[in-house]
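Examination of the molecular architecture
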Amino acid sequence: MQSTLHVTIDERGFGVIDFHHVTKRYQGQERSALDDLTLSIQDGDFCVLMGESGAGKTTFLRLLYCAERPTYGRVIFMNQDISTILLREIPAVRRNIGVVFQDFKLINNKTALENVGLVLWVQGQPANMIYEKSLSILQQVGLDSKAHVPCGYLSGGEQQRVAIARALVSKPRLLLCDEPTGNLDAKQASEIVDLLIGANLKGATVILATHDPNLSGAHRKKTINLSKGKLVGSASVDL
Ligand SMILES: Nc1ncnc2c1ncn2[C@@H]1O[C@H](COP(=O)(O)OP(=O)(O)OP(=O)(O)O)[C@@H](O)[C@H]1O
Ligand SMILES: [Mg+2]
């Protein structure tokens, strides 16, 4: 299939995510972790966020799930300015976001099913729905046979698949992945990227932070390159 490469920032107008002159400076740091970033990510994008260690990738994601606020500028998500959001409004924003971390962040002595189901339990869903939905999403990531195994007994690749199931079980609009393959071998990493592509094809906007240029290959639709907190490149590929 022919690909058309557009090298631009913001050429497709306002997105599901808009950064307007976003700067983040942590207390006591000499330089900004993010420096005057203006960009858009469109609904349905599969966006790869690249940059060396310390470039600001994790900070970028933390601003989106409201774990940090920008020092200057505005972060807009789904038409809402989340840079000035009230604490009590944060859970409603996070309900639209799934997050996957490099180190999985699972509860090791709970089963895969329990780890996934916890998200729905917190939302107050009934027990039978929790069981059904959790098992179904574990099937989708190919782990239904391990549903009742404590996560501490699963391999790294399997644990990351549980973490993806947990991130997807409430059908988020946005999936944030911070170096999700950093602890995995090449085969496991490619299986994880396939799952992220699958989630994207089902409609989720995906942001994948990585310093591995080989990740995501032909499925990449948008790349954002950061270096020392600055936006040094952005490209969209229409596949
Ligand atoms: N909580 C914090 N307090 C102070 N400085 C921080 C904090 N978090 C990040 N930084 C600094 O902000 C800059 C960007 O860090 P960030 O973690 O966003 O980079 P990164 O691209 O995710 O790096 P890596 O690839 O190593 O994960 C770094 O200089 C880092 O030291
Ligand atoms: Mg990081």
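Model, not experiment: these values are computed from the prediction.

Turning to helix α5 (residues 156–168), a few remarks are in order. Helix length check: α5, at 13 residues, gives a terminal C-alpha distance of 18 Å against a target of 18 Å (1.5 Å per residue), a fit within 8%. With 11 of its 13 residues buried, α5 lies for the most part within the structure. Considered for burial, the residues of α5 that qualify are E158, Q159, Q160, R161, V162, A163, I164, A165, R166, A167 and L168. Along its buried surface, α5 packs onto β7 (97–101), α3 (112–122), α4 (127–140), β8 (174–178) and α6 (186–201).

Attention now moves to the environment of S155. In this fold, S155 is placed in the loop between α4 and α5. For S155, a count of 12 C-beta atoms within 10 Å translates into the label exposed. Residues S155 and I107, spaced 48 residues apart in sequence, show a C-alpha to C-alpha distance of 14 Å.

With that out of the way, let us pick up the site of ligand 1. If you check the shell around ligand 1, you find Y26, Q29, A33, G51, S53, G54, A55, G56, K57, T58, T59 and H211 and nothing else. Residue composition of the shell around ligand 1, by class: 3 nonpolar, 8 polar and 1 charged.

For the rest of this paragraph, the subject is the nonpolar core. Side chains of a nonpolar character, in soluble globular proteins, are inclined to be buried together. In terms of nonpolar packing, the biggest core is built from 63 residues, with L49, A165, L175, V206 and I207 touching the most fellow members. Beyond its immediate sequence surroundings of up to four residues, L49 is in contact with K57, F60, I207, L208, A209, I224 and L226.

Okay, the packing of α3 against α5 next. Between α3 and α5, the least distance of the axes is 8 Å, while the angle of their chain directions is 25°. Between α3 and α5, the crossing angle belongs to the class labelled roughly parallel. Between α3 and α5 the crossing geometry is right-handed. Of the residues in α5, those touching α3 at A112, N115, V116 and V119 are V162, A165 and R166.

About the cut-offs
- Residues numbered from 1 in each chain as written.
- Chains lettered and ligands numbered in written order.
- Predicted model: local features only at pLDDT ≥ 70, side-chain atom pairs only at ≥ 80, totals over all residues.
- Helix = DSSP H or I, 4+ residues; strand = E, 2+ residues; numbered from the N terminus.
- Expected span 1.5 Å × (residues − 1).
- Buried ≥ 20, exposed ≤ 12 C-beta atoms within 10 Å, placed from the backbone.
- Contact = placed C-beta atoms within 7 Å.
- Near = placed C-beta within 6 Å.
- Nonpolar A, V, L, I, M, F, W, Y, C, P; charged D, E, K, R; others polar.
- Core = buried A, V, L, I, M, F, W, Y, C linked by C-beta atoms within 7 Å.
- Axes fitted to C-alpha atoms, helices over the stretch in contact; angles between N-to-C directions.
- Parallel < 35°, antiparallel > 145°, perpendicular 65-115°, else oblique.
- Left-handed = near helix turned anticlockwise from the far one by under 90°.

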